[in-house]
Amino acid sequence: MQFVENPIGQADQIVQLFKDTFTASEGEEEGALIGDLAHDLLSKTPRDDIRVFTSQDGDVLRACAIFTRLRFERDKRKAFLLSPMAVASDCQGKGIGQRLLSHALRALQDEGADIAITYGDPGFYGRVGFVPVTTETVPAPLPLSMPQGWIAQSLTDAPLTPLAGPSVCVPALNRSEIW
């Protein structure tokens with residue numbers, strides 16, 4: 001298994017991975033929604049605002065994590081939002097997602113990112129250091145339908161302290177149906 005950062009020429013494979021994985025776990029409508037989200041992120045997000053990490057077995061894509069900039073209007077810290085992430089259905093439960101996330105978080109830390117945030121299962125993401133936060137500590141760009149899934153971690157030696165918002169996500173994520 002190898003990790004690839006910002007893979008070139010794999011957009012179609014990445015979109016299909018998200019569509020297939022979310023269809024299998026959440027249904028066809030969710031699969032289409034997340035597949036479209038991945039497509040929009042990959043095709044419309046400025047290069048400085050997106051980091052894509054994949055786990056591959058030869059030419060076969062096994063997992064993908066997409067991080068995009070989340071800006072806080074009154075805070076200079078550099079934050080990235082993980083959304084979406086997928087591990088191929090036949091590879092789940094083998095630690096591939098955790099290893100990919102650990103690699104991605106180290107890479108973001110190495111480039112000077114201060115904070116990583118995501119909106120997902122605290123049980124899964126807690127294994128790689130994410131902890132629950134409130135929207136008072138980390139303002140969300142849109143209202144959250146499940147606030148218990150708003151989680152973050154400091155990528156520096158400093159503790160996670162409140163970010164001065166409001167926050168602004170990349171345009172592809174500015175869709176209420178995914179929040």
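Cut-offs and rules
Residues numbered from 1 in each chain as written. Predicted model: local features only at pLDDT ≥ 70, side-chain atom pairs only at ≥ 80, totals over all residues. Heavy atoms only, no water. Salt bridge = Lys/Arg side-chain N within 4 Å of Asp/Glu carboxyl O. Helix = DSSP H or I, 4+ residues; strand = E, 2+ residues; numbered from the N terminus. Buried < 20%, exposed > 50% of the residue type's maximum accessible area, 1.4 Å probe, protein only. Pairing = 2+ DSSP bridges. Phe/Tyr/Trp six-rings, centres within 6.5 Å; stacked < 30°, edge-to-face > 60°.

Help me out: how do you make sense of the pattern of salt bridges in this one?
Applying the stated criterion across every chain yields a total of nine salt bridges. Taking the shortest distance from any N to any O, the salt bridge between Glu111 and Arg51 comes out at 2.9 Å. Placement of Glu111 in the loop between helix H3 (96-110) and strand E5 (115-119) and of Arg51 in strand E2 (residues 50-57) is noted, with a sequence separation of 60 residues between them. Given the relative accessible area of 13%, Arg51 is considered buried. Salt-bridge contacts for Glu111 lead to Lys78; the nearest nitrogen and oxygen are separated by 3.2 Å. Here Lys78 lies in the loop between strand E3 (60-72) and strand E4 (79-87) and Glu111 lies in the loop between H3 and E5, a separation of 33 residues in the sequence. Its relative accessible area of 31% is what places Glu111 among the partly exposed residues. In the salt-bridge network here, residues are joined through shared partners; they are Asp40, Lys44, Arg175 and Glu177.

Sorry if this is basic, but what is going on with the environment of Glu177 here?
Mapped onto the fold, Glu177 is located in the segment after strand E8 (167-168). The class of Glu177 is partly exposed, set by a relative accessible area of 48%.

Help me out: how do you make sense of the pairing of strand E7 (residues 150-154) in this one?
Consecutive residues of a regular strand have side chains that alternate between opposite faces of the sheet. Taken across its five residues, E7 has four buried, putting it largely inside the fold. As defined by bridge partners, E5 adjoins E7 across five bridges and the pair is classed as antiparallel. Bridge pairing in E7 places Ile117 opposite Ala152. Pairing geometry for strand E6 (residues 131-132) and E7, over two bridges, is antiparallel. Counterpart to Pro132 in the pairing with E7 is Ile151.

Quick question: what am I supposed to make of the packing of aromatic side chains here?
Taken as a whole, this structure holds seven aromatic pairs when the rule is applied. Measuring from ring centre to ring centre gives 5.8 Å for Tyr119 and Trp179, while their planes differ by 20°; the resulting arrangement is stacked. Of this pair, Tyr119 sits in strand E5 while Trp179 sits in the segment after E8, placing them 60 residues apart in sequence. Residue Tyr119 is classed as partly exposed on the basis of its relative accessible area of 21%. Judged by its relative accessible area of 5%, Trp179 falls in the buried class. Ring geometry for Tyr125 versus Phe130: centroids 5.9 Å apart, planes at 80°, classification edge-to-face. Taken as a pair, Tyr125 and Phe130 share a single burial class, namely buried.

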